[in-house]
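Coordinate analysis (summary)
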Amino acid sequence: MIRSLLVVLLLGGGVFALSQWHVGYPRAGIRYITSQKEERRSIRPGSHYYYGSHYGTRGFRGGK
Amino acid sequence: MPQESGQIKPQKCGGCGADLVKSYRSHYDAEEEETVTIPVAKCVSCGREYDQHTEEYYRVFADSFIQDKDNSAFKLGLKGSISGVGYEIIGRLRYQDEDEYERAVWDEWVAVSDEGSYHYFVEEEGEVYSYEEYVPSSIDLEAGPDSFEFEGRTISKRNAYTGRIVFAEGELPWRPAIGEPVRCYDFKKDGVHFTIEHSEDEVSITRGEKIEYDTVIGAFGGESEKDKYARTMGRRKSYKRRAALYLAASVLSLAAAVMNCVTGDEVPGVLTASQILSSNQYQSEGGSASYFSQVLYGPFRIEQGDSLYDVTVFADTSAEPLRLGWESFRLMLVKEERLARVTGAGSDPASLRALFSDIDSFGEPVESYAVTGDFWDEEGRDDEGYWHENDLSASSSFVLDEPGNYYAYLELYNNQPRNPASVRFRIERTSSYRYYLVLVAVFLVLMFVNRSKARSYNELPFMMA
């Protein structure tokens, strides 16, 4: 029983920590800017990717 | 004098007298709607088959029904007392349900009490019932085609079943034959279990109640059985407590997930100020044409840094319906001071339009975050007929590092001209719930595992429900 209680506390605590620290979510602000800057350095100016693709995911249904 | 019917002699065919052997037969079963293979006894000479509705079948297959016959809480010769009445186990009959192809047996242990009357302990699927002989005030087994009368009550015959004796041992009140059929009627009246066993020669009526293994082992078990029973029940209780703990943890996790999912603070005023920088500019690229619009919203204040936000962009169909078309968007969150740094004094619509048109060409991004997506509305026909579907919203979660004043730059691409103000968005400060949902699943799995163990853990050699 004590072991089960420990499992509950550890898993619960772990999930609380993951949620409080927003682990796994994309970051906006300085970290976004830094990562985008690095990415843009590796893209050749003038290419299609340099100017971005504005058409989203193209996730249309396209029939059943 | 003890007798045992487990020793089976070679069985003979009723037609030609040759030996019977175990065999199988396949036939189409209308109820199962498939071809089934069932065991049959078969004559080696004339090929005659005997299925489970014949006595020959049970004589040939008797050994397959008695492999576990010693795994029981009872044994011949055991003595014990229950509720102050002493019993001695003197015999046992094992029955197989005739309607089942698989093994479906129960044991009827015959005991004689201090008072000199017969008593029956029925052991089936991990449960024990204690029965005594009963003489009803009235009974008519032929009262109706589907029912009989028992002490003024009509009892349905629909739940009747036929048991076939597959094993007998000890001193029994009568001499049973292997394969002998007994028609059984089990029913409850005034909270008491009754069983009527109707065989070729006689009708036996008994009444009784379920008794716990605690009582049975306390009366008939040795010290070893009592210890194993105590350990088994202790472990089962422990698994039950663990299952309850995991269930409670699962409910709490679900509550946390729901609470985090439904609670959120909307960032106020994100749509209050807006500038349409361009509207439905025709563009053609790689053979595909589109209409391009740009809108700048804000500035608005985002108060909390290092917080999780959820942005939802949606086509506002009340402003303009999206019918059989598509629309792509990109929404950028731009901090006011970063925008001011790149625009300098020129923040008129023309300068802003020029700036945002080239926003991807900056070596260092101006925006703090960007989200893209598509809306679509389609219809068509397929083998199931007409369909019409759409997807008119998209959302994204992100963690914003710094509070401050922000603009939201929205650019839109359409396959047809559309009002740029028909796409709206909202930003909410929210809490993460995804990990709590994972936790709910983990705790539920642990709960089911422990619940299953609480039912199945057993140190005793016989089944206990």
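Residues numbered from 1 in each chain as written. Chains lettered and ligands numbered in written order. Predicted model: local features only at pLDDT ≥ 70, side-chain atom pairs only at ≥ 80, totals over all residues. Heavy atoms only, no water.

**Side note on the overall build of chain B**
Quick reminder of the rule: Numbering of helices and strands runs from the N terminus, with a helix taken as a DSSP run of H or I at least four residues long and a strand as a DSSP run of E at least two residues long. C-alpha atoms define the radius of gyration in this analysis, and the globule rule sets the expected value at 2.2 Å times the number of residues to the power 0.38. For the exposure calls, accessible area comes from a 1.4 Å probe over protein chains only, and a residue counts as buried if that area is under 20% of its type's maximum, exposed if over 50%, partly exposed in between. Working rule for contacts: check all heavy atoms of both residues, and any pair within 4.5 Å makes them a contact. Accessibility throughout is a Shrake-Rupley quantity obtained with a 1.4 Å probe, and a residue counts as covered only by protein chains that appear here. Here the positive residues are Lys and Arg and the negative ones are Asp and Glu; neither His nor the chain ends is included. The location of each charge is read from NZ of Lys, CZ of Arg, CG of Asp or CD of Glu.
Of regular secondary structure, chain B possesses six helices and 26 strands. In terms of overall dimensions, chain B is more spread out than a globule: its C-alpha atoms have a radius of gyration of 40 Å, far above the 23 Å expected for 465 residues. Seen along its three principal axes, the alpha-carbon backbone of chain B occupies a region of about 115 × 55 × 45 Å. Sorting the 465 residues of chain B into buried and exposed places 46% on the buried side. If you take every contact in chain B between residues at least 6 apart in sequence, the share linking residues at least 24 apart comes to 65%. Looking at chain B as shown, the accessible area adds up to about 23400 Å², and 46% of this sits on carbon and sulfur atoms. For chain B, the distance from the average site of its 48 positive side-chain charges to the average site of its 80 negative ones is 5 Å.

**Re the overall build of chain A**
A count of helical and extended segments in chain A gives two helices and one strand. Each helix and strand of chain A, ordered N terminal to C terminal, gives the series α-β-α. With the model as given, the accessible surface of chain A reaches about 4400 Å², and the carbon-plus-sulfur share is 63%.

**Observations concerning the sheet that holds strand β26 (residues 423-430) of chain B**
Note on sheets: strands pair through backbone hydrogen bonds, and any given pair is parallel or antiparallel. Put simply, the test is: One requirement defines pairing of two strands: DSSP has to find at least two bridges between them.
What the five strands build is an open sheet, ordered β1(A)-β24(B)-β20(B)-β26(B)-β17(B); its pairing is mixed. At either margin of the open sheet sits one strand with a lone partner, and together these are β1 (27-28) of chain A together with β17 (265-266) of chain B. Bridge count for strand β20 (residues 307-315) of chain B against β26 of chain B is eight bridges, and the pairing is antiparallel. Bridged to D310 of chain B within β26 of chain B is E428 of chain B.

**Digging into the pattern of salt bridges**
Residues and elements named next belong to chain B. Convention followed: Salt bridges, as used here, are contacts in which a Lys or Arg side-chain nitrogen is within 4 Å of a carboxyl oxygen on Asp or Glu.
For the structure shown, the criterion picks out 31 salt bridges over all chains. The partner of R103 in a salt bridge is D68, with the nearest N and O atoms 2.4 Å apart. Of this pair, R103 sits in the loop between β6 (85-97) and β7 (105-113) while D68 sits in the loop between α1 (55-61) and β5 (79-82); the two residues are 35 residues apart in sequence, bridging distant segments of the chain. Judged by relative accessible area, which is 25%, D68 ranks as partly exposed. One salt-bridge network, in which partners are shared between bridges, spans D68, R92, R94, R103, D107 and E169.

**Regarding the pairing of strand β25 (residues 404-414) of chain B**
All names here are of chain B. Most of β25 is tucked away, with 10 of its 11 residues classed as buried. Relative to β25, strand β19 (residues 288-302) runs antiparallel, the two being bridged by 10 bridges. Paired with V295 across the two strands is L410, which belongs to β25.

**Examining the confidence of the model for chain B**
Cut-off, in case you're wondering: Every residue carries a pLDDT, the predictor's confidence in it, which falls somewhere between 0 and 100.
Chain-level statistics for chain B give a pLDDT mean of 90 and a share of 97% at 70 or above. At the level of individual helices and strands, chain B shows its lowest average pLDDT in strand β1 (residues 3-4) of chain B, which scores 48, and its highest in helix α6 (residues 434-456) of chain B, which scores 96.

**Section: helix α5 (residues 349-357) of chain B**
Cut-off, in case you're wondering: Note: the arc covers the axis-to-C-beta directions of the helix.
Within α5 of chain B the residues assigned to the buried category are L352, L355 and F356 of chain B. Here the buried residues of α5 of chain B occupy an arc of 90° about the axis, which is enough to place them on one side.

**Topic: the sheet that holds strand β2 (residues 20-29) of chain B**
All names here are of chain B. Strand order in the open sheet made by the three strands is β2-β3-β4, with antiparallel pairing throughout. Of all the strands in the sheet, just β2 and β4 (49-50) have a single pairing partner and so form its edges. As defined by bridge partners, β2 adjoins strand β3 (residues 34-43) across 10 bridges and the pair is classed as antiparallel. Following the sheet pairing, R25 is matched in β3 by I38.

**A closer look at the packing of aromatic side chains**
Heads up, the rule is: Only centres within 6.5 Å qualify two rings of Phe, Tyr or Trp (six-membered ring in Trp) as a pair; their planes then separate them into stacked at under 30 degrees, edge-to-face at over 60, and tilted for everything else. Counting as a charge over the ring demands two things of the Lys NZ or Arg CZ atom: a distance within 6 Å of the ring centre and an angle within 35 degrees of the ring normal.
Within this structure, the stated rule accounts for 29 aromatic pairs over all chains. Seen in terms of ring centroids, Y134 of chain B and F150 of chain B are 6.4 Å apart; in terms of plane orientation they differ by 35°. Their pairing is tilted. Placement of Y134 of chain B in the loop between β9 (127-133) and β10 (139-140) and of F150 of chain B in strand β11 (residues 147-150) is noted, with a sequence separation of 16 residues between them. Y134 of chain B sits in the buried class, given a relative accessible area of 18%. One aromatic cluster is present, built from ring pairs that chain together Y134, F148, F150, Y185, F187 and F194 of chain B. Of note, R434 of chain B hangs over the ring of Y25 of chain A, and the distance from its end group to the ring centre comes to 3.8 Å.

**Regarding the interface of chain A and chain B**
Which entries qualify depends on this criterion: Note: buried area is the sum, over both parts, of the accessible area (probe 1.4 Å) each one loses when the two are combined. Identification of polar contacts relies on pairs of N or O atoms within 3.5 Å, with a donor-acceptor requirement for protein atoms, meaning one able to donate a hydrogen and the other able to accept it, and with residues adjacent in sequence counted only if both atoms are side-chain atoms.
In this assembly, 42 residues from chain A lie in contact with 52 residues from chain B. Counting each side, the surface lost to burial between chain A and chain B is near 4400 Å², with a carbon and sulfur contribution of 58%. Along the contact surface separating chain A from chain B lie five salt bridges. Residues R27 of chain A and D306 of chain B are paired through a salt bridge, measuring 3.2 Å at the closest nitrogen-oxygen approach. Applying the counting criterion to the chain A and chain B interface returns 17 residue pairs in polar contact (both at pLDDT 80 or more).

**Some remarks on the environment of I178 of chain B**
Positionally, I178 of chain B belongs in the loop between β13 (161-170) and β14 (181-189). Separated by 76 residues in the primary sequence, I178 of chain B and L254 of chain B have C-alpha atoms spaced 57 Å apart.

**Concerning a positive patch on the surface**
All names here are of chain B. Note the following rule: In this analysis, a patch consists of residues with relative accessible area above 30% that form no salt bridge, clustered at 9 Å for like charges and at 5 Å for the nonpolar side chains Val, Leu, Ile, Met, Phe, Trp and Tyr.
Taken together, the side chains of K237, K240, R241, R451 and R455 define a basic patch exposed on the protein surface. Here the element with the most residues in the positive patch is helix α3 (residues 223-262); it accounts for three residues. The topology assignment puts R455 in helix α6. On the basis of relative accessibility, which here comes to 57%, the residue R455 falls in the exposed class.

**So, the domain arrangement of chain B**
Just so we agree on the cut-off: Boundaries of every domain are those given by an automatic assignment or by a domain database.
Domain boundaries in chain B define domain 1 (3-10 + 68-221), domain 2 (224-252 + 438-456) and domain 3 (265-430). Between domain 1 of chain B and domain 3 of chain B, the C-alpha centre-to-centre distance is 78 Å.

**What about a negative patch on the surface?**
Residues and elements named next belong to chain B. Together, E31, E32, E33 and E34 make up a negatively charged patch on the protein surface. Relative to the helices and strands, E34 is located in strand β3. On the basis of relative accessibility, which here comes to 42%, the residue E34 falls in the partly exposed class.

**Focus: the environment of L437 of chain B**
All names here are of chain B. Considering the arrangement of structural elements, one finds L437 in helix α6. Judged by its relative accessible area of 41%, L437 is partly exposed. Each C-alpha atom, one on L437 and one on A255, is 9.7 Å from the other, the two residues being 182 residues apart in sequence.

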